[in-house]
Amino acid sequence: MDDSNEGPVYVSRKLCFSAGHRLHAKELSDEENKEIFGKCNHVHGHGHNYKVKVTVCGKKDQITGMVMNVVDLKDYMVKAIMDVMDHKFLDKDVDYFKTTPSTVENIAVFIWNQIVALMKNENASLYEVKVCETDNISAVYRG
């Protein structure tokens, strides 16, 4: 069977990490931060069990049938997410969030940038990063 006319295939992997943060924008006054971020601006922060889904896309290899080795994808995710953010206070332990509010949107962008840097030798492309902060709040970033 000739698969040369097949379109891209999308492959996803999920993981969970736990981290604390405080929603706070340094450019705003304390009063403005409290008004915008509410209880999420508490001076001592709060935590979440984040769920992350990373999706890559590409043509599947004719021999292996894979877009990319999912073990490699797992390794990239561990290096980009777990090693950097798991059981950390994002605003104090991750340089990026020392100057950028640790919103779920910014966390998705940060993870995207971390993974893209690790995937430079892959045939697959990063397609999407989805971060769920809670069951009701999530962000999707597609670079």
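Read on for a plain summary of the structure. Note that the coordinates shown come from a computational prediction; the quantities given were computed from them, not determined experimentally. (Residues numbered from 1 in each chain as written. Predicted model: local features only at pLDDT ≥ 70, side-chain atom pairs only at ≥ 80, totals over all residues. Heavy atoms only, no water.)

What follows concerns the overall build of the chain. Broken down by element type, the chain carries five helices and five strands. Of the regular secondary structure in the chain, the N- to C-terminal order runs β-α-β-α-β-α-α-α-β-β. Projected onto its principal axes, the C-alpha coordinates of the chain cover approximately 65 × 25 × 25 Å. Across the 143 residues of the chain, 38% fall into the buried class. Counted over contacts in the chain with a minimum sequence separation of 6, partners at least 24 positions apart contribute 68%. If you sum the accessible surface of the chain, you get close to 8600 Å²; carbon and sulfur atoms cover 50% of it. (Helix = DSSP H or I, 4+ residues; strand = E, 2+ residues; numbered from the N terminus. Buried < 20%, exposed > 50% of the residue type's maximum accessible area, 1.4 Å probe, protein only. Contact = heavy atoms within 4.5 Å. Areas by Shrake-Rupley, 256 points an atom, 1.4 Å probe, with all protein chains shown as cover.)

This brings us to unusual backbone geometry. Even without being a glycine, H87 presents a positive backbone phi close to 60 degrees. Residue position: H87 is located in the loop between α2 (70–85) and β3 (88–89). You can call H87 exposed: its relative accessible area is 64%.

With that settled, the discussion passes to a negative patch on the surface. A contiguous patch of negative charge on the surface is contributed by D30, E31, E32 and E35. Within the secondary structure, E32 sits in helix α1 (residues 30–37). Residue classification places E32 among the partly exposed residues on the basis of a relative accessible area of 38%. (Patch = residues over 30% accessible without salt bridge, like charges linked within 9 Å, V, L, I, M, F, W, Y side chains within 5 Å. Salt bridge = Lys/Arg side-chain N within 4 Å of Asp/Glu carboxyl O. Lys, Arg positive; Asp, Glu negative; His and termini not counted. Charge placed at Lys NZ, Arg CZ, Asp CG, Glu CD.)

Now for the pairing of strand β4 (residues 125–132). Sheet analysis places strand β2 (residues 46–58) next to β4, joined by seven bridges and oriented antiparallel. Pairing of K53 across the sheet is with K130, part of β4. Both β4 and strand β5 (residues 138–141) contribute to a ladder of four bridges, which runs antiparallel. When the bridges of β5 are listed, V131 appears paired with A139. Counting the residues in the hairpin turn of β4 and β5 gives five residues. (Pairing = 2+ DSSP bridges.)

Direction vectors running N to C along α2 and helix α5 (residues 104–118) enclose 135 degrees, while the axes themselves pass 8 Å from each other. When the axis of α2 is compared with that of α5, the two are oblique. Pair α2 / α5 crosses with right-handed handedness. In this structure, α2 contributes Y76, M77, K79, A80, I81, V84 and M85 to the contact, and α5 contributes F110, I111, Q114, I115 and L118. Among the residues making up the contact of α2 with α5, the classes are represented as 10 nonpolar, one polar and one charged. (Axes fitted to C-alpha atoms, helices over the stretch in contact; angles between N-to-C directions. Parallel < 35°, antiparallel > 145°, perpendicular 65-115°, else oblique. Left-handed = near helix turned anticlockwise from the far one by under 90°. Nonpolar A, V, L, I, M, F, W, Y, C, P; charged D, E, K, R; others polar.)

Moving on: the side chain of S102. Along the polypeptide, S102 turns up in the loop between α4 (96–99) and α5. Classification of S102 as buried rests on a relative accessible area of 0%. The contact partners of S102, leaving out residues within four places of it in the chain, are H21, R22, L23, L90, D91, F97 and I107.

This part is about the environment of C132. Along the chain, C132 turns up in strand β4. Here the alpha-carbon distance between C132 and A108, two residues 24 residues apart in the chain, equals 9.2 Å. Setting aside its immediate chain neighbours within four residues, C132 contacts N49, Y50, K51, I137 and S138.

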